[in-house]
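# Results of the structural survey
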Amino acid sequence: MASRAIGKSQKADWRAAWSRSFRRAAQMAGSAVLFGSMVFLGLSLFSYTQTDPSSSTAAASNAVSNWMGSGGAWTADMALMVFGLPCVLLLPLLYVFARKLWRDVEEEDVDTDTRWWAPVGMLLLAMALLGTVLSLAFDGPGG
């Protein structure tokens, strides 16, 4: 038999626990998606060939030699077309974001005031500068 009625404080604790567990699950799922994206991009860049069907190649869609299939061929082609060879630097960026989300789940009580956009902006600027230097250094065909 209950000796006291359930008060508002216990209801609020239940709602806070529910929202905290939902946030943790979302962070873990986001971290897994980012890590999977990193693996997908890495394997598609590693197995990229210019003869795969993509936006810059009119090849037959049944002869895909990319390990990630047609989607990997398109992803690698787009990444190389937009960023050039420095697109490989997207892999550590995806890893760092996935690790940060996972670490925030593990250390949820630690308050960190890090700005996520500063390192992303610096990396994108570095990728643009590296791409510019590489395009100026290698001006021959196939460079």
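Residues numbered from 1 in each chain as written. Predicted model: local features only at pLDDT ≥ 70, side-chain atom pairs only at ≥ 80, totals over all residues. Heavy atoms only, no water.

## Things to note about the side chain of Ser54
The condition that has to hold: Working definition: helices are DSSP H or I runs of at least four residues, strands are E runs of at least two. Numbering for both runs from the N terminus. Buried means the residue's accessible area, taken with a 1.4 Å probe over protein chains only, is under 20% of the maximum for its type, while exposed means over 50%, and partly exposed covers the values in between. Polar contacts here mean pairs of N or O atoms no more than 3.5 Å apart (in protein, one a potential hydrogen donor and the other a potential acceptor; neighbouring residues in sequence count only if both atoms are side-chain atoms). By the convention used here, residues are in contact when the closest approach between their heavy atoms is within 4.5 Å.
Structurally, the position occupied by Ser54 is in the loop between α1 (8-46) and α2 (69-83). A residue is classified by how much of its surface remains accessible, and Ser54, at 8% relative accessible area, is buried. One polar contact links Ser54 to Asp77, side chain to side chain, over a distance of 3.4 Å. Setting aside residues no more than four positions away along its own chain, Ser54 makes contact with Ala73, Trp74 and Asp77.

## A short note on the pattern of salt bridges
Defined as follows: By definition here, a salt bridge exists when the distance from a side-chain nitrogen of Lys or Arg to a carboxyl oxygen of Asp or Glu is within 4 Å.
In total, this model carries 1 salt bridge according to the counting rule given. Note that Asp104 and Lys100 form a salt bridge whose closest N and O atoms lie 3.2 Å from each other. With Asp104 and Lys100 both in helix α3 (residues 90-106) and 4 residues apart, the pair spans about one turn of that helix.

## Overview of the packing of aromatic side chains
Formally: In this scheme Phe, Tyr and Trp rings, the latter by its six-membered ring, pair at centre separations within 6.5 Å, and the angle between planes marks the pair as stacked below 30 degrees, edge-to-face above 60, and tilted otherwise.
Considering all chains together, one arrives at 1 aromatic pair under this definition. Plain terms: the ring middles of Phe46 and Trp67 are 5.4 Å apart, the flat faces sit at 55° to each other, and that makes the pair tilted. Placement of the pair is Phe46 in helix α1 and Trp67 in the loop between α1 and α2, with a sequence separation of 21 residues. Residue Phe46 is classed as exposed on the basis of its relative accessible area of 63%. Overall, the relative accessible area of 56% leaves Trp67 in the exposed class.

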